[in-house]
Amino acid sequence: MPLKKYRQKRNFKKTSEPRGKVVKKVSKKKSLLYVIQKHAASHLHYDFRLQLHGVLLSWAVPKGPSLNPDDKRLAVHVEDHPLDYAKFEGIIPEGEYGAGTVMVWDYGVWQPLTEPEEAYRQGKLTFNLQGKKLQGGWALVEMHGKMGENGKNWLLIKHQDAAAKKRFDITKKEPLSALTGRTMEEITEDKRKIWHGKKKK
Ligand code: MN
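So, here is what we can say about the structure in this document. (Residues numbered from 1 in each chain as written. Predicted model: local features only at pLDDT ≥ 70, side-chain atom pairs only at ≥ 80, totals over all residues. Heavy atoms only, no water.)

**Considering the overall build of the chain**
- In terms of helices and strands, the chain carries four helices and nine strands.
- When the elements of the chain are put in sequence order from the N terminus, they spell out α-β-β-β-β-β-β-α-β-β-β-α-α.
- What you see for the chain is a C-alpha radius of gyration of 17 Å, in line with the 17 Å of a compact globule of 201 residues.
- In terms of overall dimensions, the chain has C-alpha extents of about 50 × 40 × 40 Å along its principal axes.
- Looking at the 201 residues of the chain, the share that counts as buried comes to 49%.
- Restricting the contact set of the chain to residue pairs at least 6 apart, pairs at least 24 apart contribute 59%.
- Looking at the chain as shown, the accessible area adds up to about 11300 Å², and 54% of this sits on carbon and sulfur atoms.
- Computed over 40 positive and 23 negative side-chain charges, the inter-centroid distance for the chain is 5 Å. (Helix = DSSP H or I, 4+ residues; strand = E, 2+ residues; numbered from the N terminus. Rg over C-alpha atoms; globule rule 2.2 N^0.38 Å. Buried < 20%, exposed > 50% of the residue type's maximum accessible area, 1.4 Å probe, protein only. Contact = heavy atoms within 4.5 Å. Areas by Shrake-Rupley, 256 points an atom, 1.4 Å probe, with all protein chains shown as cover. Lys, Arg positive; Asp, Glu negative; His and termini not counted. Charge placed at Lys NZ, Arg CZ, Asp CG, Glu CD.)

Structure representation (structure tokens):
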């Protein structure tokens, strides 16, 4: 059951995050979704997600992406998320898994540069991003040896290309939602997206 871990961690009576389903029929020609969600949980991080085999493969990137190919950003592999999670922007209530504010920081499509299932199994995904903020070539590489011991530590690295920039701190310079243009504070203040269980308030 691909989304088992995702569902085990959440109480859908309390959170407005989607319960989700594994999408079985995905046309080969259709582009694959890419999204980064900025997530102010106990620690702020950026959830990097790529659509593959009907779910969103997911990595939590504590520092967020860097356009500098010299930066190797730690990306901790976390549980798959449902495809409809890509549009989720709002609040995960107190006491729930990942409680805090979620922003769609960037979104678009990705194109694998090699056969993606095989590349994923081998721990070396290379791909192009066509997002609102991130563009060009990237790699997600699984770490081996001591740092890779738990099998969850990967690195997110920008390829050297026209979209690479050595001195441009993109997370600082472009902090707003790619979906709604809002700040984290504005999303947090938007009480309409808070889930109130069955009672309508
Ligand atoms: Mn997260």
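Read on for the rest.
**Quick notes on the pattern of salt bridges**
- Taken as a whole and judged by the stated rule, the model has 11 salt bridges.
- Between Glu-118 and Arg-121 there is a salt bridge, with its nearest N and O atoms 2.9 Å apart. Of the two residues, Glu-118 and Arg-121 both sit in helix α2 (residues 116-121), three residues apart, roughly one turn of that helix.
- Residues joined by salt bridges that share partners form a network here, namely Lys-9, Arg-10, Glu-17 and Glu-79. (Salt bridge = Lys/Arg side-chain N within 4 Å of Asp/Glu carboxyl O.)

**Overview of the environment of Pro-62**
- Within the secondary structure, Pro-62 is located in the loop between β3 (55-61) and β4 (73-82).
- The spacing of Pro-62 and His-39 is 23 residues in sequence and 9.7 Å in space, taken between C-alpha atoms.
- Apart from the residues within four sequence positions on either side, Pro-62 is in contact with Leu-44, His-45, Tyr-46 and Leu-74.

**Considering the pairing of strand β2 (residues 44-52)**
- For β2, the buried fraction is high: eight of the nine residues fall into the buried class.
- Here strand β1 (residues 32-40) pairs with β2 via seven bridges, running antiparallel. Across the sheet, His-39 pairs through a bridge with His-45, a residue of β2.
- From the end of β1 to the start of β2, which pair antiparallel, there are three residues.
- Bridge count for β2 against β3 is seven bridges, and the pairing is antiparallel. By the bridge assignment for β3, Arg-49 is matched with Ser-58.
- Hairpin connection from β2 to β3: two residues lie between these consecutive antiparallel strands, with His-53 at a positive phi of about 30°. (Pairing = 2+ DSSP bridges.)

**Some words on the packing of aromatic side chains**
- As enumerated under the stated definition, the model contains 10 aromatic pairs in all.
- For the pair Tyr-6 and Phe-12, a centre-to-centre distance of 6.0 Å together with 35° between the ring planes defines the contact as tilted.
- Residue classification places Tyr-6 among the buried residues on the basis of a relative accessible area of 0%.
- Cluster of aromatic residues (ring-pair linked, three or more members): Tyr-6, Phe-12, Tyr-85 and Phe-88. (Phe/Tyr/Trp six-rings, centres within 6.5 Å; stacked < 30°, edge-to-face > 60°.)

**Some details on the nonpolar core**
- One finds Phe-48, Leu-50, Trp-59 and Leu-140 to be the most contacted residues of the largest nonpolar core, which totals 28 residues.
- No other element matches the four residues that β2 contributes to this core.
- If near-sequence neighbours (up to four positions away) are discounted, Phe-48 is found in contact with Tyr-34, Val-35, Ile-36, Leu-57, Ser-58, Trp-59, Val-61, Phe-127, Leu-129, Leu-140 and Leu-156.
- Core analysis: the second largest hydrophobic core is formed by 13 residues, Leu-3, Tyr-6, Val-35 and Ile-92 among them. (Core = buried A, V, L, I, M, F, W, Y, C linked by side-chain atoms within 4.5 Å.)

**Some words on the side chain of His-81**
- If you trace the backbone, His-81 turns up in strand β4.
- Polar contacts involving the side chain of His-81 include one to the main-chain carbonyl oxygen of Glu-79, which spans 2.9 Å.
- With residues up to four places along the chain from it excluded, the contact list for His-81 reads Leu-3, Tyr-6, Arg-10, Arg-49, Val-55, Leu-56 and Ser-58. (Polar contact = N/O pair within 3.5 Å; in protein donor to acceptor, adjacent residues only side chain to side chain.)

The values reported here are purely geometric and, on their own, carry no functional implication.
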